[in-house]
Amino acid sequence: MDRKHLKHQVACMRKSLFDQGYLDDQFMQLEDLQDDANPNFVEEIVASFYSDSARLIQNIEQALGNRPVDFGKLDDYMHQFKGSSSSIGAKKVKMECAQFREYCCARNTEGCIRTFQQVKQEHATLRRKLETYFQVTIMHMTLVFI
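Residues numbered from 1 in each chain as written. Predicted model: local features only at pLDDT ≥ 70, side-chain atom pairs only at ≥ 80, totals over all residues. Heavy atoms only, no water.

Before going further, it helps to examine the UniProt feature "modified residue: Phosphohistidine" (unreviewed entry) in the protein chain. According to UniProt, the positions carrying the feature "modified residue: Phosphohistidine" (unreviewed entry) are His-79. Looking at where His-79 falls in the secondary structure, it is placed in helix H4 (residues 71-88). You can call His-79 partly exposed: its relative accessible area is 46%. (UniProt positions renumbered as here; feature names shortened; annotations may be inferred. Helix = DSSP H or I, 4+ residues; strand = E, 2+ residues; numbered from the N terminus. Buried < 20%, exposed > 50% of the residue type's maximum accessible area, 1.4 Å probe, protein only.)

Put into structure tokens, the structure is as follows:
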């Protein structure tokens, strides 16, 4: 693949992530912080997000399985998850987290369970999309420096 084609592919993938509502302006702000001294900054921040969120998902799954459900604890976990999602610009994940928190406030266990499935689905979808995006970006950067 030539440089021009890869550059176009990277731009299209990035635009698609925003157009489809997976990412918001916060992601662009992270990109603005990336420079030659730290060319993988965004990828490292996203990797850290996925590491932290794996722990939160496990905690939420465990808390949803407890009876009686501790909605305060669930809301705390999801508040952390929503904040982390917001910090990388994960728009759809953040929106699902907000919906989950509404069900927590309403003490609606079924709503929490249903919405948590959506949170996990959006989380996994974004992960796949970003992994592909970063792989293509790395390929492009490799060709630029050859």
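The rest of the description comes next.
Moving on, we get to the environment of Tyr-77. Relative to the helices and strands, Tyr-77 resides in helix H4. As a C-alpha pair, Tyr-77 and Cys-97 span 20 residues in sequence and 10.0 Å in three-dimensional space. Excluding anything up to four places from it in sequence, Tyr-77 contacts Leu-56, Asn-59, Ile-60 and Ala-63. (Contact = heavy atoms within 4.5 Å.)

For the rest of this paragraph, the subject is the environment of Ser-87. As for its placement among the helices and strands, Ser-87 is situated in helix H4. Separated by 25 residues in sequence, Ser-87 and Gln-62 have C-alpha atoms that sit 25 Å apart. When sequence neighbours within four positions are dropped, the list of residues in contact with Ser-87 reads Gln-26 and Leu-30.

Okay, the nonpolar core next. For soluble globular proteins, the rule of thumb is that nonpolar side chains tend to be buried together. Grouped together as the largest cluster of nonpolar side chains are 39 residues, with contacts concentrated most on Phe-27, Ile-60, Leu-74, Phe-81 and Phe-100. Elements with a contribution of two residues or more to this core: helix H1 (3-19), helix H2 (25-33), helix H3 (41-65), H4, helix H5 (91-105) and helix H6 (109-144). Top contributing element to this core by residue count: H3, with 10 residues. (Core = buried A, V, L, I, M, F, W, Y, C linked by side-chain atoms within 4.5 Å.)

Attention now moves to the packing of aromatic side chains. Summed over the entire model, instances satisfying the criterion amount to 5 aromatic pairs. Ring geometry for Phe-18 versus Phe-27: centroids 6.2 Å apart, planes at 65°, classification edge-to-face. We note that Phe-18, like Phe-27, is buried. Ring plane angle 65° and centroid distance 6.2 Å describe the contact between Phe-100 and Phe-116, whose orientation is recorded as edge-to-face. Of this pair, Phe-100 sits in helix H5 while Phe-116 sits in helix H6, and the two are 16 residues apart along the sequence. Taken as a pair, Phe-100 and Phe-116 share a single burial class, namely buried. For the cation-ring pair, Lys-92 lies above Tyr-22, with the distance from its terminal atom to the ring centre recorded as 4.1 Å. (Phe/Tyr/Trp six-rings, centres within 6.5 Å; stacked < 30°, edge-to-face > 60°. Lys NZ or Arg CZ within 6 Å of the ring centre and 35° of its normal.)

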